[in-house]
Each structure stands twice: as C-alpha cells, then as structure tokens.
Amino acid sequence: MNPTALVIAVAYSIVCVVAIVILLVIWRSTHSEPPRRTDDTDTDRLAHGEKAWFAIAVAALGVLLLATLAFIPYGDTAAADGQQAVAVDGAQFAWTIDPSVVTAGTPVRFRVTASDVNHGFAVYDADNTMLFQIQAVPDHPSHIVYTFDEPGVYQVVCLEFCGVKHHEMLGTIEVKEPS
Ligand code: CUA
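Undergrad: Quick question: what am I supposed to make of the pairing of strand 4 (residues 108-114) here?
TA: Regular strands place their side chains on alternate faces of the sheet. Within strand 4, six of the seven residues are buried, leaving the element largely enclosed by the surrounding structure. Alignment of strand 1 (residues 84-91) against strand 4, held across seven bridges, turns out to be parallel. Residue pairing in the sheet places Gln84 in a bridge with Val108 of strand 4. Judged from the five bridges that link them, strand 4 and strand 7 (residues 142-146) form a sheet pairing that is antiparallel.

Pasting the structure below:
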C-alpha cells in the first residue's frame, strides 16, 4: 500500500468511526429508557436482548471494515515496482495504447482515460473470453492491474456506446514471452 492510499484509508476509518458514533448517539436519543417497573417483564428482557445484538452487529461491522480496509483497491494510483505501465486513451473511434506490447507473467498497470466521451475498455483473449473491462472517462483516469499469463494477441473492444462507429472501436495488445 502506498503512502497516499494509507492516508486515504486512515481518513476513511476516522470518518466511519465518527459516523458509527453519531448513529449510536441518534439511536440512543430515540430509544430512551422506558419508565422502570418493579417487575422485570419478558418484554424488557427482549428489548435488552435486541440492544445487545445491535451493539454486537455494529462492533462486528466495525471490526470487519478495519480488517479489510487494506484490501480496498481505491486510492492505489501509482504504479508499483515491477509493474508494466500502459497508458490507454479512448477517442471516437479508436484506442491509443502505449505501449501496446507487454510481457507475459508481469502485472500490467493500465491507466485508462478518454479524450471525448465515455468509452468502455475491454480486453478479450483468443477464445473471445473477456478478461477484464473498465470505464474510460474523460478527466478521470481509471486504473486496473492485470497479469497476462499467456503470450499472444489480445483484442481490445469498446463496451460503451459512444457514437455511430462504436462497433469499429477496436484495438490489440500483444503479449510477448518473457525474455
Ligand atoms: Cu468507444 Cu464505444
């Protein structure tokens, strides 16, 4: 995890904890204790049980959130060591893929943008099976990391209707054997 992602993760955790505290305060204010009766009835015990389960559920969700934060891919915007960086730009009606030749077995980090309207960057293998797809949006780069296991020529297809020649918006990525 890079430093920027860590800062985002920590900030996100703080916001979540604050939100949980606010929700608990609101919940408490709307569930004030009923007047105490001398005999502890079954309904009182049931109400207590519900509160306990609510607290357990909130605690479990909080723990789950904190434990999995590091695995959230968002904010991971810099190419890590050992990755191949490929810049992709979609424009009516062609893909610019730079470089368009990569090596098998090494993660490829795609930075995907668009010059005019939204496009859909999808990569297919020789069997016409889609390997991944990501939106190409003007002014908002998307990132995706994919490792090609097999050398070969992979087809790039636009999956977002972007105009009259949308269906002609194709490209290729060549994956070479590691040298
Ligand atoms: Cu670009 Cu459809």
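Undergrad: What am I meant to see in the nonpolar core here?
TA: Generally speaking, soluble globular proteins have nonpolar side chains that are buried together. Judged by nonpolar contacts, the single largest core of 24 residues is most densely connected at Trp95, Phe110, Phe121, Phe148 and Ile173. If you list the elements that add at least two residues to this core, you get strand 1, strand 2 (94-98), strand 4, strand 5 (119-124), strand 6 (130-136), strand 8 (152-158) and strand 9 (170-176). If we skip the residues at most four places from it in the chain, Phe121 touches Val88, Trp95, Ile97, Phe110, Val112, Phe132, Gln133, Ile134, Val156, Val157 and Ile173.

Undergrad: How should I be thinking about the pairing of strand 1 in this particular structure?
TA: Burial of the side chains of strand 1 is restricted to one face: Gln84, Val86, Val88 and Gly90 are buried, whereas none of Ala85, Ala87, Asp89 and Ala91 on the reverse face is. Relative to strand 2, strand 1 is paired through five bridges, and the arrangement is antiparallel. Looking at strand 2, one finds that Gly90 is bridged to Trp95. What sits between strand 1 and strand 2 in their antiparallel hairpin is a turn of two residues.

Undergrad: Would you mind showing me how to read a nonpolar patch on the surface here?
TA: A contiguous nonpolar patch, built from Val10, Ile14, Val18, Ile22, Leu23 and Ile26 and spanning about 550 Å² of accessible area, is present on the exposed surface. Mapped onto the elements of the fold, Leu23 is located in helix 1 (residues 3-30). The exposed category is assigned to Leu23, whose relative accessible area is 55%.

Undergrad: Any chance you could explain the packing of aromatic side chains here in plain terms?
TA: In this description, a pair of aromatic rings is defined by centroid distance and the angle of the planes. Enumeration over the complete set of coordinates arrives at nine aromatic pairs. Measuring from centroid to centroid gives 5.0 Å for Tyr146 and Phe148, while their planes differ by 70 degrees, and the two rings are edge-to-face. Through pairs of rings, three or more aromatic residues link up here, namely Trp95, Phe110, Phe121, Phe132, Tyr146, Phe148 and Tyr154.

Undergrad: I keep staring at the sheet that holds strand 7 and nothing clicks. Help me out?
TA: Across a sheet, strands are paired by hydrogen bonds formed along the backbone, either parallel or antiparallel in direction. Strand order in the open sheet formed by four strands is 2-1-4-7, with mixed pairing between adjacent strands. Because the sheet does not close on itself, it has two edges, and the strands there are strand 2 and strand 7. The average undirected angle you get between the axes of adjacent strands in this sheet is 20 degrees.

Undergrad: What am I meant to see in the sheet that holds strand 9 here?
TA: Taken in spatial order, the five strands line up as 3-9-8-5-6 in an open sheet, and their pairing is mixed. Only two strands of the sheet have a single partner each, and these edge strands are strand 3 (101-103) and strand 6. Recorded for the sheet is a direction-independent mean angle of 25 degrees between the axes of neighbouring strands. Sheet topology places strand 5 next to strand 8; four bridges connect them, and they run antiparallel. Across the sheet, the residue bridging to Val123 is Val156, located in strand 8.

Undergrad: Even after reading the chapter, I still don't get the pattern of salt bridges, so can you show me in this structure?
TA: Should the charged atoms of two oppositely charged side chains come close, the side chains can pair. Enumeration according to the criterion identifies one salt bridge in this entry. Among the ionic pairs, Arg45 bridges to Asp42, the shortest N-O distance being 2.4 Å. Highlighted residues: Arg45 and Asp42, both in helix 2 (residues 42-68), separated by three residues, approximately one helical turn. For Arg45, a relative accessible area of 47% puts it in the partly exposed group.

Conventions we followed
Residues numbered from 1 in each chain as written. Predicted model: local features only at pLDDT ≥ 70, side-chain atom pairs only at ≥ 80, totals over all residues. Heavy atoms only, no water. Buried < 20%, exposed > 50% of the residue type's maximum accessible area, 1.4 Å probe, protein only. Helix = DSSP H or I, 4+ residues; strand = E, 2+ residues; numbered from the N terminus. Pairing = 2+ DSSP bridges. Core = buried A, V, L, I, M, F, W, Y, C linked by side-chain atoms within 4.5 Å. Contact = heavy atoms within 4.5 Å. Patch = residues over 30% accessible without salt bridge, like charges linked within 9 Å, V, L, I, M, F, W, Y side chains within 5 Å. Areas by Shrake-Rupley, 256 points an atom, 1.4 Å probe, with all protein chains shown as cover. Salt bridge = Lys/Arg side-chain N within 4 Å of Asp/Glu carboxyl O. Phe/Tyr/Trp six-rings, centres within 6.5 Å; stacked < 30°, edge-to-face > 60°. Axes fitted to C-alpha atoms, helices over the stretch in contact; angles between N-to-C directions.

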